[in-house]
Amino acid sequence: MTEKADSPDRRPVVTPARVVAGLCLLAPFVAMLWVSSYARIEPRLIGIPFFYWYQMAWVLISTALTTLAYKLVQREQRARKDGADQ
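Keep in mind that this is a model prediction, so the values were computed, not measured.

Cut-offs used in this document
- Residues numbered from 1 in each chain as written.
- Predicted model: local features only at pLDDT ≥ 70, side-chain atom pairs only at ≥ 80, totals over all residues.
- Heavy atoms only, no water.
- Phe/Tyr/Trp six-rings, centres within 6.5 Å; stacked < 30°, edge-to-face > 60°.
- Buried < 20%, exposed > 50% of the residue type's maximum accessible area, 1.4 Å probe, protein only.
- Lys NZ or Arg CZ within 6 Å of the ring centre and 35° of its normal.
- UniProt positions renumbered as here; feature names shortened; annotations may be inferred.
- Helix = DSSP H or I, 4+ residues; strand = E, 2+ residues; numbered from the N terminus.
- Patch = residues over 30% accessible without salt bridge, like charges linked within 9 Å, V, L, I, M, F, W, Y side chains within 5 Å.
- Areas by Shrake-Rupley, 256 points an atom, 1.4 Å probe, with all protein chains shown as cover.
- Salt bridge = Lys/Arg side-chain N within 4 Å of Asp/Glu carboxyl O.
- Expected span 1.5 Å × (residues − 1).
- Bend = angle between axes of the 7 residues up to and from the residue.

### As for the packing of aromatic side chains
- In the structure shown here, the tally under the stated rule is six aromatic pairs.
- Taken together, a centroid distance of 5.3 Å and an interplanar angle of 85° make the contact between Phe-51 and Tyr-52 edge-to-face.
- Residue class for Phe-51 comes out partly exposed when judged on its relative accessible area of 30%.
- It is Arg-40 that lies over the ring of Phe-50; its NZ or CZ is 4.4 Å from the centre.

### Describing the UniProt feature "transmembrane region" (unreviewed entry) in the protein chain
- In this numbering, the UniProt entry assigns the feature "transmembrane region" (unreviewed entry) to residues 20-39 and 51-73.
- As annotated, residues 20-39 has a helix share of 70% and a strand share of 0%, and its two end C-alpha atoms lie 28 Å apart.
- Summarising residues 51-73: 100% helix, 0% strand, and an end-to-end C-alpha distance of 33 Å.

### Things to note about a nonpolar patch on the surface
- A cluster of nonpolar side chains, contributed by Val-13, Val-14, Val-19, Leu-23, Leu-26, Phe-29, Val-30 and Leu-33, occupies part of the molecular surface with about 820 Å² of accessible area.
- Following the sequence through the fold, Phe-29 ends up in helix α1 (residues 16-33).
- When its relative accessible area of 55% is taken as the criterion, Phe-29 is described as exposed.

### Regarding α1
- Between its terminal C-alpha atoms α1 stretches 26 Å, which fits the 26 Å expected from 18 residues at 1.5 Å a residue.
- Of all the bends in α1, the largest measures some 30° and sits at Leu-26, one to four residues before the proline Pro-28.
- Of all the residues in α1, the buried ones are Ala-21, Cys-24, Pro-28 and Ala-31.

### Let's talk about unusual backbone geometry
- Here Glu-42 and Pro-43 are connected by a cis peptide whose omega angle stands at 0°.
- By the element assignment, Pro-43 lies in the loop between α1 and α2 (50-85).
- We note that Ile-46 has phi near 55°; this positive angle belongs to a residue other than glycine.
- Within the secondary structure, Ile-46 is located in the loop between α1 and α2.

Below you can see the structure in the form of structure tokens.
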């Protein structure tokens, strides 16, 4: 039922694209769990303390990183499928 990853008809499961996708998904968790890096009031942005706007910025950054990870994995799966069809 299991095949070796080094067999000629199968590519390795851990690829650079998947590593990058994993790092894109890991970055927001690390940024939000490292509270001491943003637990302060200054600098303010439009009167909003750093603590709040940093977290809101990560909502947008997380969206972009998740989209990037999805596109990378999707492109790799498409390439695998096209390679298997040939």
